[in-house]
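In case you want the letters, here they are:
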Amino acid sequence: MSNKSAVITGITGQDGAYLSKLLLEKGYAVHGVLARRSSDTLWRLRELGIDGEVRLHDGDLTDLSSLIRVLQASGAAEVYNLGAQSFVGSSWQQPILTAQVDGVGALNVLEAVRLVNPQARFYQASTSEMFGLIQADRQDERTPFYPRSPYGVAKVMAHWATVNYRESFGMHASSGILFNHESPLRGIEFVTRKVSDAVARIKLGRQKVLKLGNIDAKRDWGFAGDYVEAMWLMLQQPAADDYVIATGQTTTVRQMCDIAFAHVGLRADDHLEIDPKFMRPAEVDVLLGNPAKAKERLGWEPKTSLAQLITMMVDADMRRLAG
Ligand code: NAP
Ligand code: G4F
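Residues numbered from 1 in each chain as written. Chains lettered and ligands numbered in written order. Predicted model: local features only at pLDDT ≥ 70, side-chain atom pairs only at ≥ 80, totals over all residues. Heavy atoms only, no water.

### A closer look at the domain arrangement of the chain
Taken as a whole, the chain is organised into domain 1 (5–181 + 221–245) and domain 2 (187–219 + 249–286 + 304–322). Look at where the C-alpha atoms of domain 1 and domain 2 centre, and you get two points 27 Å apart. Taken together, the contacts link 17 residues of domain 1 with 23 residues of domain 2. Here domain 1 packs against domain 2, burying approximately 1800 Å² in sum over the two surfaces, 61% of which is carbon and sulfur. Linking domain 1 with domain 2 are one salt bridge. A salt bridge links Arg320 to Glu47; the shortest N-O distance between them is 3.0 Å. Of all the elements in the fold, those that place two or more residues in the side of domain 1 that touches domain 2 are helix H2 (43–47) and strand S10 (222–223). In the side of domain 1 that touches domain 2, the residues fall into seven nonpolar, five polar and five charged. (Domains from an automatic or database assignment. Contact = heavy atoms within 4.5 Å. Buried area = accessible area lost by both parts, 1.4 Å probe. Salt bridge = Lys/Arg side-chain N within 4 Å of Asp/Glu carboxyl O. Helix = DSSP H or I, 4+ residues; strand = E, 2+ residues; numbered from the N terminus. Nonpolar A, V, L, I, M, F, W, Y, C, P; charged D, E, K, R; others polar.)

Structural data, given as structure tokens:
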């Protein structure tokens, strides 16, 4: 068991909740930056039964002084920067906010670490969205970036800031380039959870149609619970580095829908409708990661198949709606 202390920005998000659980199980004192909202954002921590075990500090990624205060109060040896405006679709409507939170916000956390405790280890939540218009069939750590959304552009800045602080100041700053990862705690705006929720509603007779955008898009989808283990492993290495975390399989949105509907004995074709409202100004058509470096150096491999993931999500939404 560890007696370390960790700070997580984005603790109320999907990954923040799973990472908190993992670190608590390892004996860490877990501190989180809580960006004040008017609505309930603690539901994920409650679902995992850990809302009373984490220590929450008011703060915001756009407010450097609040980040400095959290790092001082926590004495953190590890800092995980998971906070972000993470919905790609919204980033065209809020490009400046997205840049401030996802790009400059990461820089604020790096500065806070440098000022308070430059020995602390830092994790940046980078993303396969940085590959955008893909420059290689299977994307790895050496594949050039070509972001296709304001979100991707902001994340490229944060990624390079992480590399730069490692090289400039010798900080233990790692960037995890994670491909899409999902769970029953996924936000309802993302396509897998939109589908699992709709399938449950249709099965229970509360909805008839599911409206989607580009169902030919392909994603490399894994389970968030597996992916937070990779984040922790990166910070346990003697030297900081960048790692692609992915399953190495890619699937269309349409095929993912087929799995979800078939799980409750329905056919996706009977319920799907295409709505141009959900198309994006520029699309990332296909993502397919190569996680060979993570396997070799971290000993990390995904444990959950796409079918297990999607059926887990549909079952969770059936339970929520029935309850
Ligand atoms: P998420 O569920 O959307 O969580 C985002 C978190 O960031 C929430 O806790 C949110 O707080 C917080 N946040 C938003 N604006 C903030 C601000 N101004 N200051 C402080 N906190 C703020 O995202 P996720 O799926 O867990 O993803 C975690 C990170 O990994 C994100 O950086 C995301 O971009 C990145 N990523 C995700 C994936 C994926 O497939 N899930 C893949 C690659 C990279 P509220 O709860 O109050 O809104
Ligand atoms: O679930 P999505 O919204 O995820 P997207 O855009 O790939 O972004 C997620 O993964 C990134 C990693 O690559 C993260 F960095 C990011 O924070 C986020 O977690 O959309 C997946 C695909 C897209 O091609 C989208 O156009 O599904 C397509 N899609 C089709 N119909 C839809 C819909 N997406 C959403 N959200 N809603 C639809 O109705």
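### Brief notes about empty space enclosed by the protein
Tallied over the full model, the rule gives one cavity of 30 Å³ or more. Estimates place the volume of the largest cavity at around 40 Å³. What lines the largest cavity is Val7, Thr9, Val33, Leu67, Val70, Leu71, Val79 and Val109. Elements that contribute at least two residues to the lining of the largest cavity include exactly strand S1 (5–9) and helix H3 (64–74). (1 Å grid on protein atoms, 1.4 Å probe; cavity = no way out; pocket = protein on both sides within 12 Å on 5 of 7 lines; lining within 4 Å. Points joined across faces, edges and corners; volume = space filled by probe spheres on them.)

### Quick notes on the site of ligand 1
Neighbouring residues of ligand 1: 25 residues in total, closest Thr12, Asp15, Ser86, Tyr151 and Lys155. One nitrogen or oxygen atom from the main chain of Leu61 is found 3.0 Å from a nitrogen atom belonging to ligand 1. In the model, an oxygen atom of ligand 1 is placed 2.8 Å from a nitrogen or oxygen of the Lys155 side chain. Breaking the shell around ligand 1 down by element, the ones donating at least two residues are helix H1 (14–25), strand S5 (121–127) and helix H5 (150–169). The element that contributes the greatest number of residues to the shell around ligand 1 is S5, accounting for three residues. Tallied by class, residues from the shell around ligand 1 come to nine nonpolar, 11 polar and five charged. (Near = heavy atom within 4 Å. Polar contact = N/O pair within 3.5 Å; in protein donor to acceptor, adjacent residues only side chain to side chain.)

### Here we look at the sheet that holds strand S2 (residues 29–34)
Within the open sheet, the seven strands sit side by side as S3-S2-S1-S4-S5-S6-S11. Their pairing is parallel. In the strand order of this sheet, the two ends are held by strand S3 (55–58) and strand S11 (242–245), each with one partner. If you compare each strand with its neighbour and ignore which way they point, the axes differ by 20° on average. Across the sheet, H1 touches S1, S2 and strand S4 (78–81), and the angle it forms with S1 is around 175°. Strands S4, S5, strand S6 (173–178) and S11 of the sheet are contacted by helix H7 (residues 224–235), whose axis makes an angle of about 160° with S6. (Pairing = 2+ DSSP bridges. Axes fitted to C-alpha atoms, helices over the stretch in contact; angles between N-to-C directions.)

### With respect to the site of ligand 2
Contacts to ligand 2 come from 23 residues, most closely from Thr127, Ser128, Tyr151, Arg280 and Glu283. With respect to ligand 2, the backbone of Gly213 contributes an N or O atom lying 2.8 Å from a nitrogen atom. Against a free-state accessible area of 710 Å², the protein chains account for coverage of 96% of ligand 2. Classifying every residue of the shell around ligand 2 gives 10 nonpolar, six polar and seven charged. Domain assignment of the residues forming the shell around ligand 2 places at least three in each of domain 1 (5–181 + 221–245) and domain 2 (187–219 + 249–286 + 304–322). (Areas by Shrake-Rupley, 256 points an atom, 1.4 Å probe, with all protein chains shown as cover.)

### Side note on the pairing of S4
A two-sided burial pattern is seen for S4, the buried positions comprising Glu78 and Tyr80 on one face and Val79 and Asn81 on the other. Bridge count for S1 against S4 is four bridges, and the pairing is parallel. Following the sheet pairing, Ile8 is matched in S4 by Tyr80. (Buried < 20%, exposed > 50% of the residue type's maximum accessible area, 1.4 Å probe, protein only.)

### A few points about the nonpolar core
Across soluble globular proteins, nonpolar side chains have a tendency to be buried as a group. One finds Leu19, Leu23, Tyr80, Tyr123 and Ile245 to be the most contacted residues of the largest nonpolar core, which totals 56 residues. Tallying contributions element by element places H7 first for this core, with eight residues. For this core, the two domains that each supply at least three residues are domain 1 (5–181 + 221–245) and domain 2 (187–219 + 249–286 + 304–322). Other than its neighbours up to four places away in sequence, Leu23 contacts Ala6, Ile8, Tyr28, Val30, Tyr80 and Trp232. One finds Val79, Val101, Leu110 and Ala173 within the second-largest nonpolar core, a separate group that totals 19 residues. (Core = buried A, V, L, I, M, F, W, Y, C linked by side-chain atoms within 4.5 Å.)

### Structural notes on the pairing of S5
Counting buried positions over the seven residues of S5 gives six, a clear majority of the element. Of the strand pairs in this sheet, S4 and S5 are connected by four bridges, and their pairing is parallel. The residue bridging Val79 from the neighbouring strand is Phe122, located in S5. Taken together, S4, helix H4 (residues 95–116) and S5 form a β-α-β motif whose crossover is right-handed. Both S5 and S6 contribute to a ladder of six bridges, which runs parallel. Paired with Ala125 across the two strands is Gly176, which belongs to S6. Running through H5, the crossover from S5 to the neighbouring parallel element S6 is right-handed. (Right-handed = clockwise from strand over helix to strand, strands pointing away.)

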